[in-house]
Amino acid sequence: QKEVEQDPGPLSVPEGAIVSLNCTYSNSAFQYFMWYRQYSRKGPELLMYTYSSGNKEDGRFTAQVDKSSKYISLFIRDSQPSDSATYLCAMSGNAGNNRKLIWGLGTSLAVNP
Amino acid sequence: NAGVMQNPRHLVRRRGQEARLRCSPMKGHSHVYWYRQLPEEGLKFMVYLQKENIIDESGMPKERFSAEFPKEGPSILRIQQVVRGDSAAYFCASSQEYGYTFGSGTRLTVV
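Residues numbered from 1 in each chain as written. Chains lettered and ligands numbered in written order. Predicted model: local features only at pLDDT ≥ 70, side-chain atom pairs only at ≥ 80, totals over all residues. Heavy atoms only, no water.

Undergrad: Go over the interface of chain B and chain A, please, and point to the residues and values.
TA: Counting from both sides, the interface comprises 25 residues of chain B and, opposite them, 20 residues of chain A. Both faces considered, chain B and chain A share a buried interface measuring about 1800 Å² in area, 53% of it formed by carbon and sulfur atoms. At the junction of chain B and chain A, the tally comes to one salt bridge. Summed over the shared surface of chain B and chain A, the number is five residue pairs in polar contact (both at pLDDT 80 or more). Secondary structure elements with two or more residues in the side of chain B that touches chain A: β4 (31-38), β5 (42-50), β6 (53-56) and β9 (88-95) of chain B. A class-by-class count of the residues in the side of chain B that touches chain A yields 10 nonpolar, nine polar and six charged. (Contact = heavy atoms within 4.5 Å. Buried area = accessible area lost by both parts, 1.4 Å probe. Salt bridge = Lys/Arg side-chain N within 4 Å of Asp/Glu carboxyl O. Polar contact = N/O pair within 3.5 Å; in protein donor to acceptor, adjacent residues only side chain to side chain. Helix = DSSP H or I, 4+ residues; strand = E, 2+ residues; numbered from the N terminus. Nonpolar A, V, L, I, M, F, W, Y, C, P; charged D, E, K, R; others polar.)

If you want it as structure tokens, here you go:
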């Protein structure tokens, strides 16, 4: 079993739809949870960063962490064609050797005009 | 703020040659991470460095791969005697606290 599981999709939605992306994980030591967006031929770009459980909102993006279920989600409201990209979840433990990130494989999203 | 700079963007090497990938972190960032990305495997951690120190190299293959982050100059990921299986995108990231900033990557092709 992989430490982080993420459905690779692809996911295709019409413009304006609400998109739900999620990851599950097995390591209870993870404390920091991140969502990255990666366009083709580019490096990952940090979208959301959350510590421990709870919700965090930034514009059209909302990140949720449920540590009891080992489940994290990213919601995109009013999706736009420019949101078409691969979305990667990543997580890590505390400082020291745990600063390295463990990644999901990424979910490919297409938002159709 | 130029962000994390990686060069070259594309690198073609014949089997047996050496590949050198360079990474200049964001100004003020003292932590550098190298990751490798393959289509079916996703991003895999390779090594974590601070200036003049390797903190965690648990993701580095035991042979042919090395990394450094000198006091002056960029971080270097070096792959000796490359093989076809080394073909991948190699990303560098830097951070001050959490929340990495990634470079655009170097795409290595071994022919």
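Undergrad: Just give me the short version of the nonpolar core, but keep the residues and values in it.
TA: Within the largest apolar cluster, 25 residues are counted, with the highest numbers of intra-cluster contacts made by V4, W35, I72, L74, Y87 and M91 of chain A. Contributions of two or more residues to this core are made by β3 (19-25), β4 (32-38), β5 (45-51), β7 (61-66), β8 (71-76), β9 (85-92) and β11 (107-112) of chain A. Beyond its immediate chain neighbours, meaning those up to four positions away, Y87 of chain A contacts Q6, L21, Y36, R37, L47, L74, I76, G106, T107 and L109 of chain A. Within the second largest apolar cluster, 23 residues are counted, among which are A19, L77, V82 and L108 of chain B. (Core = buried A, V, L, I, M, F, W, Y, C linked by side-chain atoms within 4.5 Å. Buried < 20%, exposed > 50% of the residue type's maximum accessible area, 1.4 Å probe, protein only.)

Undergrad: How would you sum up the packing of aromatic side chains? Please name residues and give values.
TA: Summed over the entire model, instances satisfying the criterion amount to 15 aromatic pairs over all chains. For the ring pair W103 of chain A and Y35 of chain B, a centre distance of 5.9 Å and an interplane angle of 80 degrees mean the geometry is edge-to-face. With W103 of chain A in strand β10 (residues 102-103) and Y35 of chain B in strand β4, the pair connects residues from two separate chains. Residue W103 of chain A shares its accessibility class with Y35 of chain B, and that shared class is buried. Taken together, a centroid distance of 6.4 Å and an interplanar angle of 80 degrees make the contact between F91 of chain B and F102 of chain B edge-to-face. Here the residue F91 of chain B occupies a position in strand β9, and F102 of chain B occupies one in strand β10 (residues 101-102), the gap between them amounting to 11 residues. A relative accessible area of 0% places F91 of chain B in the buried class. (Phe/Tyr/Trp six-rings, centres within 6.5 Å; stacked < 30°, edge-to-face > 60°.)

Undergrad: So what's going on with the state of the cysteines? Residues and values would help.
TA: Tallied over the entire structure, the rule returns two disulfides over all chains. Disulfide partner of C23 of chain A: C89 of chain A, at an S-S distance of 2.0 Å. Its S-S torsion of approximately -105 degrees makes the covalent link between C23 of chain A and C89 of chain A left-handed. Residue C23 of chain A is found in strand β3, and its partner C89 of chain A is found in strand β9; the two are separated by 66 residues along the sequence. With its sulfur 1.8 Å from that of its partner, C23 of chain B forms a disulfide with C92 of chain B. Disulfide C23 of chain B to C92 of chain B: torsion about the S-S bond roughly -50 degrees, handedness left-handed. Remark: C92 of chain B occurs in strand β9 and C23 of chain B occurs in strand β3 (residues 19-24); sequence separation between them is 69 residues. Under the relative-accessibility criterion, C23 of chain B is labelled buried at 0%. Residue classification places C92 of chain B among the buried residues on the basis of a relative accessible area of 0%. (Disulfide = S-S within 2.5 Å.)

Undergrad: An account of the side chain of S75 of chain B is requested, with residue identities and associated values reported.
TA: Residues and elements named next belong to chain B. Topologically, S75 is positioned in strand β8 (residues 75-79). Engagement of the side chain of S75 in a polar contact is seen with the backbone oxygen of E68, the distance being 2.9 Å. When residues no more than four places from it in sequence are discounted, the contact partners of S75 are L21, R22, C23, V32, W34, L49, E68 and F69.

Undergrad: I'd love a proper account of the sheet that holds strand β6 (residues 54-58) of chain A, names of residues and values included.
TA: Paired through backbone hydrogen bonds, the strands of a sheet run either parallel or antiparallel to each other. Residue and element names in this part refer to chain A. In spatial order, the strands read β1-β3-β8-β7-β6; together these five strands make up an open sheet with antiparallel pairing. Pairing within the sheet leaves two strands with one partner each, and these edge strands are β1 (4-6) and β6. Going from strand to strand, the sheet's axes swing by 15 degrees on average, the running direction of each strand aside. Where β1 meets β3, three bridges bridge the pair, whose relative direction is antiparallel. Pairing of Q6 across the sheet is with C23, part of β3. (Pairing = 2+ DSSP bridges. Axes fitted to C-alpha atoms, helices over the stretch in contact; angles between N-to-C directions.)

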